Amino acid sequence: MKLVAKYTLALGLSLGVALFAIAYVRVGYLRGNLVADMRRDQLVIGNVLREGVANVWRDVPDPERATRETRELIERANGVVGTSYFAWEAAATAAGADAADAQAIEGGAFVSRLPVRAGAARVGTLVIRESLGDVEDVIRTDVATSGIAIALIVVFGAVASAVLGAWLVGRPVARLVEHARRIGRRELSATAVVRTRDELGALAAELGAASGALAEALARRDAETEARLAAVDQLRHSERLSTVGKLAAGIAHELGTPLSIVAGHAQMIAGGEVVGDDAIASARAIDLEATRMGKIVRQLLDFARRKGPEGTSCDAVEVARRCLRLLGVMAERGGVRCAIEADGPADEPAAARAHIDEDALQQVLTNLAVNAIQAMSGGGALRIRVTREAATAPSAPGAPGAAAVPVPCVRVDVADTGPGIPADVLPHIFEPFFTTKPTGDGTGLGLAVVHGIVGDHGGWIGVESGADGTTFSIYLREEPP
Amino acid sequence: MQPLIVLADDSAELRTLLAGALERVGYRVVQVGTGAALIDEVHRLAAEGEHVRLIITDVRMPGMSGVDAATAIRAAGLAAPLIFMTAFGDAWTRARAEQLGAILLDKPLGLGVLRSAVQRAIVESPGQL
């Protein structure tokens, strides 16, 4: 109700000031009028009395007797007219030789001095004196009445404006404010909270309409988001299916050749086409292919029955160290220098807790490290770097902007100084069974498994490659300590 | 003169096995490991005046596929009969094989199957290169 209070206060003040000014001016005029009345009355009565006194002096030649009769006349006048007081000042005592009428305020009374002449000589002065006390009383009463009236008007006006203001403006506005607050709290309803046919009603109607529109838009957006999520789900599902298809193709392809070799050698042995040492060589070839097929099957099984996200965590730095320890001999033989980089002092690097199962991370790093060592056939440097940074997951096309916020991550880089991956091959390296190596030299599943493991734990993997080497960057969610 | 066969497969073990099996029944076999090498070898042999009687190729090889290499060879005007070997005979591969008039063999293949297919191909299309 602050609005109504401000408004009422302003109204009261301006009303009060205006009425007070009017009253002040009016009282001034009143006093002026009353005094003017007094002046006129005294003149009128004075002139009448003056005539009478002049007659006395004209008719009575004896000054003493004239004076006595004048005083009697004046006494009678005093008795008749209650408010004024008449007095006679003889010529000798009259102050100054002034022959004109004089009227002035002297000490709280209005005094008229009227000189009286008989013939050419001044015989005396008629003095009329009337107290201004009554005037002051009248003024005081008037001021008091005006004051009360002003006060009543101001108070009544303020109260009326406050009540009317609250009813016409204050309450509807409070309702509008509450409606706006509810919109802020997402409680959206299209009903207008004020129905009067004025500007506030119009505002309420608009607010209601806007609220309704917002509710609709939000509902639409929610529906779209759901639809998009469903679509992404579908996409993932069908991707998984195509992966199964790819798996089937891959299995057929990977096993086709070794089986052909086994069949061929077995047929030659059985048919006697090869004997003796040749037969033994054929048997060895069968054994080799059988082993190879075993490895392929194991890799396929690993890929197919990847364990679900473990939800456990591990220290990425420790896992990296272990990985390089295990591969130390292989690296040395290939002329590859290994190094680990992490935050903190070199002999006591800070731990980096990542949201990933320890064995799973081991598998990932081992896979990448082995690839790197194999790529550097003439020697080189393998570097595993573990850092913590905030990063944003790359979002799938069509996914609702869920990946917009950077999250704290543990980043593991596996970098080599090999010949790099050609640009036309790079987009496909994580595809299952994609390989540039001749058959038998790896199934092309390794990176697909790596990609899958990282994804299962809510992370992602990126790769950069050039003529001076390749770096795989794994981002895993950081576990809070 | 023994009929000349060019054999392409990225697996050295399988190549050697199949080449040996075919040589033992009287063919001459030249081995290559990639689609690109297949094209080069066929052109080289033709330039040397050799008559390539049959081309056997694996479908899926690193780099250029066997089908693409065969298409390129045909486009260059060399009409040698074709045998494709594939582990995954999908509709697409079958269609291409038919287009090129090639025999399609599924892996794993037995030596007997291969030898009879070779015979059929060479006998039924005795045409010049």
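Below: a short report on this structure. Here the structure is a predicted model, which means the values were calculated and not measured.

Here's the deal with the overall build of chain B
1) Next: What chain B contains, in helices and strands, is five helices and five strands.
2) Next: Starting at the N terminus, the α and β elements of chain B follow one another as β-α-β-α-β-α-β-α-β-α.
3) Next: A buried classification covers 51% of the 129 residues belonging to chain B.
4) Next: Considering only residue pairs separated by 6 or more positions, chain B has 65% of its internal contacts joining residues 24 or more positions apart.
5) Next: Summed over all atoms, the accessible surface of chain B reaches about 5500 Å², with 54% contributed by carbon and sulfur.

A closer look at the overall build of chain A
1) Next: When you go through chain A residue by residue, the secondary structure sums to eight helices and eleven strands.
2) Next: Within chain A, the fraction of its 481 residues that count as buried is 34%.
3) Next: If you take every contact in chain A between residues at least 6 apart in sequence, the share linking residues at least 24 apart comes to 67%.
4) Next: Of the roughly 27400 Å² that chain A leaves accessible, carbon and sulfur atoms contribute 60%.

A short note on the packing of helix 1 (residues 2-59) of chain A against helix 3 (residues 133-184) of chain A
Residue and element names in this part refer to chain A.
1) Next: As a packed pair, helix 1 and helix 3 sit with axes 9 Å apart at the nearest point and diverge in direction by 160°. One finds that helix 1 runs roughly antiparallel with respect to helix 3. You can see that helix 1 and helix 3 cross each other, and the crossing is right-handed.
2) Next: When the residues that make up the contact of helix 1 with helix 3 are grouped by side-chain class, the tally is 23 nonpolar, eight polar and four charged.

So, the interface of chain B and chain A
In many reports, interface size means the accessible area that the parts give up when they come together.
1) Next: The interface is formed by 18 residues belonging to chain B together with 21 residues belonging to chain A.
2) Next: Among the residues chain B hides against chain A, the three largest losses belong to Glu13(B), Leu17(B) and Arg60(B). Together they make up 29% of the total.
3) Next: Arg115(B) is paired through a salt bridge with Glu273(A); the nearest N and O atoms lie 2.5 Å apart.
4) Next: Summed over the shared surface of chain B and chain A, the result is five residue pairs in polar contact (both at pLDDT 80 or more).
5) Next: If one sorts the elements of the side of chain B that touches chain A by residue count, helix 1 (residues 12-23) of chain B sits on top with four residues.
6) Next: Classifying every residue of the side of chain B that touches chain A gives nine nonpolar, three polar and six charged.

With respect to helix 1 of chain B
1) Next: Along its twelve residues, helix 1 of chain B runs 16 Å from first to last C-alpha, staying within 8% of the 16 Å computed at 1.5 Å per residue.
2) Next: Residues of helix 1 of chain B that are buried include every one of Leu14(B), Arg15(B), Leu17(B), Leu18(B), Ala19(B), Gly20(B), Ala21(B) and Leu22(B), and no others.

About the criteria used
Residues numbered from 1 in each chain as written. Chains lettered and ligands numbered in written order. Predicted model: local features only at pLDDT ≥ 70, side-chain atom pairs only at ≥ 80, totals over all residues. Heavy atoms only, no water. Helix = DSSP H or I, 4+ residues; strand = E, 2+ residues; numbered from the N terminus. Buried < 20%, exposed > 50% of the residue type's maximum accessible area, 1.4 Å probe, protein only. Contact = heavy atoms within 4.5 Å. Areas by Shrake-Rupley, 256 points an atom, 1.4 Å probe, with all protein chains shown as cover. Axes fitted to C-alpha atoms, helices over the stretch in contact; angles between N-to-C directions. Parallel < 35°, antiparallel > 145°, perpendicular 65-115°, else oblique. Left-handed = near helix turned anticlockwise from the far one by under 90°. Nonpolar A, V, L, I, M, F, W, Y, C, P; charged D, E, K, R; others polar. Buried area = accessible area lost by both parts, 1.4 Å probe. Salt bridge = Lys/Arg side-chain N within 4 Å of Asp/Glu carboxyl O. Polar contact = N/O pair within 3.5 Å; in protein donor to acceptor, adjacent residues only side chain to side chain. Expected span 1.5 Å × (residues − 1).

Note that all results are geometric; they support no functional claim without further evidence.
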